[in-house]
Amino acid sequence: MGLSIDGLINNTVLLTAILSYHVHVPNVYLAADAPASPGINISTLLGDSTSIRNDNMLHVEATNGMIMVNGAKVVRADISVNDNAAVIHIIDKVLIPPIMMK
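So, how was this worked out
Residues numbered from 1 in each chain as written. Predicted model: local features only at pLDDT ≥ 70, side-chain atom pairs only at ≥ 80, totals over all residues. Heavy atoms only, no water. Helix = DSSP H or I, 4+ residues; strand = E, 2+ residues; numbered from the N terminus. Buried < 20%, exposed > 50% of the residue type's maximum accessible area, 1.4 Å probe, protein only. Contact = heavy atoms within 4.5 Å. Areas by Shrake-Rupley, 256 points an atom, 1.4 Å probe, with all protein chains shown as cover. Core = buried A, V, L, I, M, F, W, Y, C linked by side-chain atoms within 4.5 Å. 1 Å grid on protein atoms, 1.4 Å probe; cavity = no way out; pocket = protein on both sides within 12 Å on 5 of 7 lines; lining within 4 Å. Points joined across faces, edges and corners; volume = space filled by probe spheres on them. Polar contact = N/O pair within 3.5 Å; in protein donor to acceptor, adjacent residues only side chain to side chain.

A. A look at the overall build of the chain. When its secondary structure is counted, the chain shows two helices and five strands. Taken from N to C terminus, the helices and strands of the chain fall in the order α-α-β-β-β-β-β. Residues classed as buried in the chain amount to 26% of the 102 residues present. Sequence separation of at least 24 residues holds for 42% of the intrachain contacts in the chain that already meet a minimum separation of 6. Only carbon and sulfur atoms are counted for the fraction: they give 57% of the accessible area of the chain, which is about 6700 Å².

Given below as structure tokens:
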């Protein structure tokens, strides 16, 4: 894709899309909720399972003692935000929406 940080900062539409792809709503998923293979697909702010295209879904599964999200490893899970109204899971790479890779 060849994007730099400066390029993203100057392209707010693209930056917003990439960041939105990292956010799941409306449910809170804890690490213990991650199902074993074959996993599940969850919606993001970019789209949901009712969309004609579900390219904007995240695939989550527990494999070999690790939680994976679209191939990214969760390195820290269940960081509580706003009195448990939300949680953050830190992953080891930036996820790019598949639609942007075409």
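Following the structure, the description resumes.
B. Geometry of the nonpolar core. Counting residues in each nonpolar core, the largest one holds ten residues, listed as Tyr-21, Ala-34, Ile-42, Leu-58, Val-60, Ile-67, Val-69, Ala-72, Val-74 and Leu-95. Those elements that place two or more of their residues in this core are β2 (58-63), β3 (66-69) and β4 (72-81). Those residues in contact with Ile-67 that sit more than four places away from it in its chain are Ala-31, Ala-34, Val-60, Glu-61, Ala-62, Ala-72, Lys-73 and Val-74.

C. Region of interest: the layout of surface pockets. Of the volumes computed, that of the largest pocket is approximately 610 Å³. Lining the largest pocket we find 27 residues, and of these His-22, His-24, Tyr-29, Val-87 and His-89 sit closest to its centre. Secondary structure elements with two or more residues in the lining of the largest pocket: β1 (40-42), β2, β3, β4 and β5 (86-91). The biggest single contributor to the lining of the largest pocket is β5, with five residues.

D. Inspection of the environment of Ser-37 at higher detail. Relative to the helices and strands, Ser-37 is located in the loop between α2 (12-20) and β1. The class for Ser-37 is exposed, based on a relative accessible area of 54%. Note: C-alpha distance between Ser-37 and Thr-63 (26 residues apart in sequence) is 6.5 Å. Of note is the side chain of Ser-37, whose polar atom sits 3.3 Å from the side chain of Glu-61.

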